[in-house]
Structures are given as structure tokens and as C-alpha cells.
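Remarks on the overall topology
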Amino acid sequence: MTLQVKDVMGLVAIAVHPAATFTELVTTMRRFKVGAVAVIDAQGRPIGVVSEDDLLLKETGASFGAGVFEGRGEHDRARGTTAGEIMTSPALVVTRVTPVREAARLMHVNRIKQLPVVDQVSGRIAGTVHQADLLKVFTRRPSDLLADVAAAIAGLGLDPDMFTVTVYDGVVRVTGRLAGRSQAAQIIEAGRRVEGVVDLEVEAAYGRDDPARTRTGSR
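Residues numbered from 1 in each chain as written. Predicted model: local features only at pLDDT ≥ 70, side-chain atom pairs only at ≥ 80, totals over all residues. Heavy atoms only, no water.

**Some remarks on the pattern of salt bridges**
As a reminder, the rule being used: In what follows, salt bridge is the name for a side-chain nitrogen of Lys or Arg lying within 4 Å of a carboxyl oxygen of Asp or Glu. Throughout this description, buried means an accessible area under 20% of the type-specific maximum (1.4 Å probe, protein chains only), exposed means over 50%, and partly exposed covers the range between.
Across all of its chains, the model carries eleven salt bridges by this definition. When the shortest N-O distance is used, the salt bridge between Arg-140 and Asp-148 registers 2.8 Å. The exposure class of Arg-140 is buried, given its relative accessible area of 14%. For Asp-148, a relative accessible area of 13% puts it in the buried group.

**Thoughts on helix H1 (residues 22-32)**
The following threshold applies: Helix and strand assignments come from DSSP, with helices taken as H or I runs of at least 4 residues and strands as E runs of at least 2, each series counted from the N terminus. This arc describes the spread of directions from the helix axis toward the C-beta atoms.
Among the residues of H1, Leu-25, Thr-28 and Met-29 are the ones counted as buried. Here the buried residues of H1 occupy an arc of 95° about the axis, which is enough to place them on one side. Opposite the buried face of H1, at more than 90 degrees from it, the exposed residues are Thr-23, Arg-30 and Arg-31. Downstream of H1 by a residue or two, Lys-33 has a phi angle that is positive, lying close to 55°.

**Some remarks on the sheet that holds strand E9 (residues 199-206)**
For clarity, the cut-off: Criterion used throughout: strands pair if DSSP finds at least two bridges between them. Note on geometry: axes are C-alpha line fits, over the in-contact stretch for helices, and angles between N-to-C directions span 0 to 180 degrees. Should any heavy atoms of two residues lie within 4.5 Å, those residues are counted as being in contact.
Within the open sheet, the three strands sit side by side as E7-E8-E9. Their pairing is mixed. A single partner strand is all that each edge strand has here, and the edge strands are strand E7 (163-168) and E9. Strand-to-strand, the axes of this sheet are offset by a mean angle of 15°, without reference to chain direction. When E7 meets strand E8 (residues 171-178), the two strands line up antiparallel, connected through six bridges. Counted as the bridge partner of Phe-163 is Gly-176 from E8. Each of E7, E8 and E9 touches helix H7 (residues 142-154); the most contacted strand, E7, lies at about 145° to it.

**So, the environment of Ala-15**
With respect to the helices and strands, Ala-15 occurs in strand E1 (residues 15-16). Along the primary structure Ala-15 and Thr-128 are separated by 113 residues, whereas in three dimensions their C-alpha atoms are 9.9 Å apart. When sequence neighbours within four positions are dropped, the list of residues in contact with Ala-15 reads Ala-38, Ile-40 and Ile-125.

**Quick notes on helix H5 (residues 100-110)**
Here H5 has its buried residues at Val-100, Ala-103, Leu-106 and Met-107. Seen along its axis, H5 keeps its buried residues to an arc of 125°; they face one direction. Relative to its buried face, H5 has exposed residues pointing more than 90 degrees away, namely His-108 and Val-109. Residues of H5 that are buried in the fold lie against strand E4 (94-95), strand E5 (114-118), strand E6 (125-130) and helix H6 (131-134). Directly beyond the C-terminal end of H5, a positive phi value near 55° is found at Arg-111.

**Some words on the sheet that holds strand E2 (residues 36-40)**
Spatial ordering of the open sheet is given by E1-E2-E3, a layout of three strands whose pairing is mixed. Each of the sheet's edge strands pairs with one partner strand only, and the pair in question is E1 and strand E3 (46-51). H1 rests against E1, E2 and E3 of the sheet, and its axis sits at about 125° to E2.

Structure below.
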């Protein structure tokens, strides 16, 4: 099972229009306790994002001068007084069907803590997904983890009923008999791709001691 953004997202989207003033942006972020707000057009489609970092550009410039900015664009945004002038654009967004792993990758690569969620047809904002939302995958029920790990084992052409699979605090342990060590490596790799698995260990007896052909490093 591949979890999607719709499985963990919040249905409330904090957004402002381009004409929102600097003070309104600060007030909105403090009121709703968020680190960023989406800037939307008249049709409700995100056109940019204003984060706390964007707002702090003004304080940075006032204290240290234009020399601290990275490029003309950052300098111009620091001088802005409305959301449309301050925002980072275009807005980085996801849809309800974006895999959770992809949303996590986008946040990590771009060093952001939340993403606007848009309707994949209209492009209108439909919610927000935060880093904390993505961590919900690690609170999945053990029965769901066991079912998905069994499916992953079956996907390797192995019979899940030939193994004992247990889970404790997100760590899955697979015990049984395998033809060779390469199969153990394959189970580890496939199992660690299951959403919500913290780690996976294999304890098995082997019919032959063959070299593992699949990477088995940590997540």
C-alpha cells in the first residue's frame, strides 16, 4: 500500500490574497500558529508562498544591509510590503494523490515544513500537509503493517505463509527458511519500502550460502 497525501493531510488551508499587508501576514501566522501561508489568486489557486523566513528578510536587510541578500530577487522581496511582493513564487504544491514519500522528499530538498495541497483538476487549494502530518505513517496499526509486508514478500514470488512475521514499535521481524541469503536481502529491501516500517530484520535458516545481490543498507 502506497500512502498518499490525502491519507494524512489537513483539510484546512491558511491562505491570503496578494494584497494582504505585511502586518496581516504576521497576524495570520501568529493567529493560526503556522510557519507559512499560501498566496492565492482570485480563483483560489496558489501562486506563491510567504514563510516566516520571507518575512524575516525585512529585519535582516534593516540590520545588515543589502549585502546579505542572495540575488536581486531576495533584495526586492525584502523591500516588499504585500504578500504578492514578498512571496516566493511559483508555489511548490502537491495533490491529494501525491505519494507521502514524494511529499517528504520535496520538503527535505526544499527545506520547507509544509506544502499546499491542490485539487488536481481545478488547481484550487484544498488543504495543507505539514511535516508532522507525514509522520503519521509511523503510527499505522501493526495489522496494516503486517498485511503490507506479507504482500511485499508475495511480490518477490515467495509464500508469506512460510514465514512468521511480527512487528513491535514499527520494527518488523521475519523468521523462516530461505533458499539463500540473497532472498533475505530482497525481503529486507522490499519490506523497508512499506510505509510506516521503521526497520525490518530477517532471521532465517538457509538452504545455501549465496552472495547477496541486493543492497540491504539502512533506510
